[in-house]
Amino acid sequence: IADEEKPFGLPVGWEWVRLGLLTSLVTSGSRSWKDFYAAEGATFIRSQDIKHDRLEFDDRAFVKLPVGAEGVRTQVQLHDLLITITGANVGKAAAISEPIPEAYVSQHVALVRVFDVSMVNYLHLWLVSEYEGRKLLLMSSYGAKPGLNLQNINDLLVPLPPLAEQSRIVTRVTALRRLCADLRQRLAER
């Protein structure tokens, strides 16, 4: 990564890497999913299901894939990252931190599978940061209708600290988020 590409300097021991170098898979759903919509079956994850940077189903959609269907490559697994790549939710991200029943992503959602699952929570924090990862993703969006392509996801710059530091960052941010939630609740009660 050239010096002029680096958004800012990093502490000693950190390095800039492209997200694609940390992944075994970056893909999105096929365009022909509507042929497989069903009243029950596997969960079909659409861009509107990624809200507040987590997976939330208000109106769950289902699909039934025939045996050997091409869409099987988009099956979601534990520790995957999901990023909306089109529409009003572009740039929103969710980490699959609990086992999920059979589920697949739509063409509007990128599925990112990292080699080292211990990095998922740190990468999710980077992706949802309004002033960092999300900002870089949104700068890559194009056209009148915001959108990202899979190359944008692969090329995203990530400041990568050592694994122990990643863990400390995730622990600290989680504690601060809990504190903020508690303060909001106390204010609401008063």
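It should be noted that the structure appears before, not after, this text.
Note that the coordinates shown come from a computational prediction; the quantities given were computed from them, not determined experimentally. (Residues numbered from 1 in each chain as written. Predicted model: local features only at pLDDT ≥ 70, side-chain atom pairs only at ≥ 80, totals over all residues. Heavy atoms only, no water.)

Participant: Just to check I follow, could you spell out the sheet that holds strand E11 (residues 109-114) for this structure?
Facilitator: Sheets are built from strands that pair by backbone hydrogen bonding, the pairs being arranged parallel or antiparallel. With antiparallel pairing, 4 strands are arranged side by side in an open sheet as E2-E11-E8-E9. Because the sheet does not close on itself, it has two edges, and the strands there are strand E2 (23-28) and strand E9 (93-95). Pairs of neighbouring strands in the sheet enclose a mean axial angle of 15°, with direction left out of account. When strand E8 (residues 81-84) meets E9, the two strands line up antiparallel, connected through 3 bridges. Of the residues in E9, the one forming a bridge with Ile83 is Ala93. The strands touched by helix H1 (residues 120-128) are E8, E9 and E11; relative to E9, the strand with the most contacts, the crossing angle is about 165°. (Pairing = 2+ DSSP bridges. Helix = DSSP H or I, 4+ residues; strand = E, 2+ residues; numbered from the N terminus. Axes fitted to C-alpha atoms, helices over the stretch in contact; angles between N-to-C directions. Contact = heavy atoms within 4.5 Å.)

Participant: Sorry, what's going on with the pattern of salt bridges here?
Facilitator: In total, this model carries 9 salt bridges according to the counting rule given. A salt bridge links Asp53 to Arg134; the nearest nitrogen and oxygen atoms lie 2.3 Å apart. Remark: Arg134 occurs in helix H2 (residues 133-140) and Asp53 occurs in the loop between strand E5 (50-51) and strand E6 (54-55); sequence separation between them is 81 residues. The class of Asp53 is buried, set by a relative accessible area of 14%. Overall, Arg134 belongs to the buried group, its relative accessible area being 3%. The residue Arg113 makes a salt bridge to Asp80 at a minimum N-O spacing of 2.8 Å. With Arg113 in strand E11 and Asp80 in the loop between strand E7 (61-63) and E8, this pair connects stretches of sequence that are 33 residues apart. (Salt bridge = Lys/Arg side-chain N within 4 Å of Asp/Glu carboxyl O. Buried < 20%, exposed > 50% of the residue type's maximum accessible area, 1.4 Å probe, protein only.)

Participant: Would you mind going over H2 with me for this structure?
Facilitator: Turning to H2, its buried residues are Gly133, Arg134, Leu136 and Leu137. For H2, the angular spread of buried residues about the axis comes to 160°, placing them on one side. (Arc of directions from axis to C-beta.)

Participant: Any chance you could explain the packing of aromatic side chains here in plain terms?
Facilitator: Two numbers describe a pair of aromatic rings. These are the distance of the centres and the angle of the planes. Scanning all chains against the criterion turns up 6 aromatic pairs. Relative to Trp126, the ring of Trp16 has its centre 6.2 Å away and its plane inclined at 65°; by these criteria the two rings are edge-to-face. With Trp16 in strand E1 (residues 15-18) and Trp126 in helix H1, this residue pair connects regions lying 110 residues apart in the sequence. Taken individually, Trp16 and Trp126 each receive the classification buried, so the pair is uniform in this respect. Stacked on the ring of Phe57, the Lys or Arg Arg60 has its end atom at 3.9 Å from the ring centre. (Phe/Tyr/Trp six-rings, centres within 6.5 Å; stacked < 30°, edge-to-face > 60°. Lys NZ or Arg CZ within 6 Å of the ring centre and 35° of its normal.)

Participant: Just checking my understanding: could you explain the packing of H1 against H2 for this structure?
Facilitator: The geometry of a pair of packed helices is captured by two quantities: the angle between their axes and the separation between those axes. Taken N-terminus to C-terminus, the directions of H1 and H2 make an angle of 60°; their axes are 4 Å apart at the nearest point. If you check the angle between H1 and H2, you find them oblique. Residue-level inspection shows Trp126, Leu127 and Val128 of H1 in contact with H2, the latter providing Gly133, Arg134, Leu136 and Leu137. Tallied by class, residues from the contact of H1 with H2 come to 5 nonpolar, 1 polar and 1 charged. (Parallel < 35°, antiparallel > 145°, perpendicular 65-115°, else oblique. Nonpolar A, V, L, I, M, F, W, Y, C, P; charged D, E, K, R; others polar.)

Participant: Before we go on, may I ask you to explain the packing of H1 against helix H4 (residues 163-189) in this structure?
Facilitator: It is at 9 Å that the axes of H1 and H4 come closest, and there the two elements cross at 60°. Between H1 and H4, the angle is such that the two are oblique. Relative to H4, H1 is oriented so that their crossing is left-handed. For the pair H1 and H4, contact is made by Asn121, Tyr122, Leu125 and Val128 and by Gln166, Ile169, Val170, Val173 and Arg177, respectively. Residue composition of the contact of H1 with H4, by class: 6 nonpolar, 2 polar and 1 charged. (Left-handed = near helix turned anticlockwise from the far one by under 90°.)

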